[in-house]
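Observations on chain architecture
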Amino acid sequence: MDFDKLTEVMRRLSLEAGDIIMDIYDADDFEVKSKSDDSPVTAADEAADAHISAGLRTAFPDVALVTEEQADSHSVTANTFLIVDPLDGTKEFIHRRGDFTVNIAYVENGAPQRGVVYAPAKGRLFYTNAAGVSVEEVGELDKTTIGTTIPISVSTPDNTGLMVVASKSHRDQATDDYINKYAVNDMKSAGSSLKFCLVATGEADIYPRVGRTMEWDTAAGHAVLTGAGGHVVRFDDHTTLSYGKEDFANPFFIAYAPGIELKLP
């Protein structure tokens, strides 16, 4: 894989998809439909997906592509592939809460090697550069020219008072029960894959997810967190979360900064 080209293409497509999404977000009204699993989908999901998919297929025609919004791609069997969630946090989008993201990742041998997470309503762009180091780009976010990038790094956690981030839309008693195993200094809620990015920047120490997710929900955030020095492991046995699983469904997991004394369920 040409990682310089990959970084350029993923970054540009995420910014272009963000514009498509925001045009619909800023409209007076937009239609919300239900998919077969009763999860919501909007014109923004579909339009962003069409744009990203076309761009990736043109740039990398020989790499398998998996995307949330194209059911026929869910039967792909590969351990090296591109994976897309064009609009993670659809509920946040529908309720105009801003915590939604564009996610594009490259998985190699079952591990997310590169990724981009863009939150267009917040103007925050996180990605792995060609060397695999995670950065946040600030400034104008020009589509053709990379601007000022700031390397990001996980925190050095204090196990006597951790900063925890949890889901805004999927918080439940099981999540709270697990969080209560730790000494917590502060809690924050965030939507979509932004939770991985908050751990990657050191704004949070740990993000436990006790609930259903799919690989397209997590791959880009996982890559960004890895490039910032963090880890993502299975909830049950603390082995590394892998990709290319059957149906692309994830087990429960924990994203965290090294140094945290992880608790078993």
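Residues numbered from 1 in each chain as written. Predicted model: local features only at pLDDT ≥ 70, side-chain atom pairs only at ≥ 80, totals over all residues. Heavy atoms only, no water.

The name that an unreviewed UniProt entry assigns to the protein chain is 3'(2'),5'-bisphosphate nucleotidase CysQ, with the source organism given as Octadecabacter ascidiaceicola. As recorded by UniProt, the Sequence similarities (unreviewed entry) comment attached to the protein chain reads in full: "Belongs to the inositol monophosphatase superfamily. CysQ family." The annotation that UniProt attaches to the protein chain under Cofactor (unreviewed entry) is "Mg(2+)". (UniProt positions renumbered as here; feature names shortened; annotations may be inferred.)

1. Some words on helix α2 (residues 43–59)
The periodicity of an α-helix, 3.6 residues per turn, causes residues three or four positions apart to be oriented the same way. Across its 17 residues, α2 extends 24 Å between first and last C-alpha, which sits within 8% of the 24 Å expected from 1.5 Å per residue. Contacts from the buried residues of α2 go to α1 (3–25), β2 (40–42), β3 (64–67), β4 (81–88), α3 (90–94) and β5 (101–108). For α2, the capping residue at the N-terminal end is Thr 42, with a side-chain oxygen 3.1 Å from the backbone nitrogen of Ala 44. (Helix = DSSP H or I, 4+ residues; strand = E, 2+ residues; numbered from the N terminus. Expected span 1.5 Å × (residues − 1). Contact = heavy atoms within 4.5 Å. Polar contact = N/O pair within 3.5 Å; in protein donor to acceptor, adjacent residues only side chain to side chain.)

2. Some details on the UniProt feature "binding site: Mg(2+) 1" (unreviewed entry) in the protein chain
Sites flagged by UniProt as "binding site: Mg(2+) 1" (unreviewed entry) map to Glu 68, Asp 85, Leu 87, Asp 88 and Asp 217. A maximum C-alpha distance of 9.6 Å among these annotated residues, which run over 150 residues, shows that they cluster at one spot. Under the relative-accessibility criterion, Asp 85 is labelled buried at 1%. Other than its neighbours up to four places away in sequence, Asp 85 contacts Glu 68, Thr 101, Val 102, Asn 103, Trp 216 and Asp 217. Note on placement: Leu 87 falls in strand β4. Since its relative accessible area comes to 1%, Leu 87 is described here as buried. Aside from chain neighbours lying at most four places away, what touches Leu 87 is Ile 21, Thr 42, Ala 44, Asp 45, Phe 93, Phe 100 and Thr 101. (Buried < 20%, exposed > 50% of the residue type's maximum accessible area, 1.4 Å probe, protein only.)

3. Topic: the side chain of Thr 7
Positionally, Thr 7 belongs in helix α1. Relative accessible area serves as the criterion here: at 7%, Thr 7 is assigned to the buried category. In this structure Thr 7 touches Tyr 127, Thr 128, Asn 129 and Ala 130, once residues within four positions along its chain are discounted.

4. A word on the nonpolar core
Core analysis: the biggest nonpolar cluster contains 35 residues, and Ile 83 and Leu 225 have the highest contact counts within it. The set of elements that each furnish at least two residues to this core consists of β4, β5, β6 (111–119), β10 (162–167), α5 (194–200), α6 (215–227) and β16 (253–256). Looking at this core, the element that brings in the most residues is α5, giving six residues. Residues contacting Ile 83, with those up to four places away along its chain left out, are Val 66, Asn 103, Ile 104, Ala 105, Val 107, Glu 215, Trp 216 and Ala 219. In this structure, Ala 17, Ile 21, Ile 24 and Leu 56 belong to the second largest nonpolar core, which totals 32 residues. (Core = buried A, V, L, I, M, F, W, Y, C linked by side-chain atoms within 4.5 Å.)

5. Describing unusual backbone geometry
Residues other than glycine seldom take positive phi values, yet Ser 192 does so here, at roughly 55°. Its place among the elements puts Ser 192 in the loop between β11 (184–190) and α5. Within the chain, Asp 247 stands out as a residue other than glycine whose phi angle is a positive 65°. Following the sequence through the fold, Asp 247 ends up in the loop between β14 (231–234) and β15 (249–250).

6. Things to note about the UniProt feature "binding site: substrate" (unreviewed entry) in the protein chain
The sites that carry the UniProt feature "binding site: substrate" (unreviewed entry) are, in the present numbering, Glu 68, Leu 87, Asp 88, Gly 89, Thr 90 and Asp 217. Structurally, Glu 68 can be placed in the loop between β3 and β4. Along the chain, Asp 88 turns up in strand β4. A relative accessible area of 10% places Asp 88 in the buried class. The residues touching Asp 88, leaving out its near neighbours within four places in the chain, are Asp 99, Phe 100, Thr 101, Asn 103, Ser 192, Ser 193 and Asp 217.

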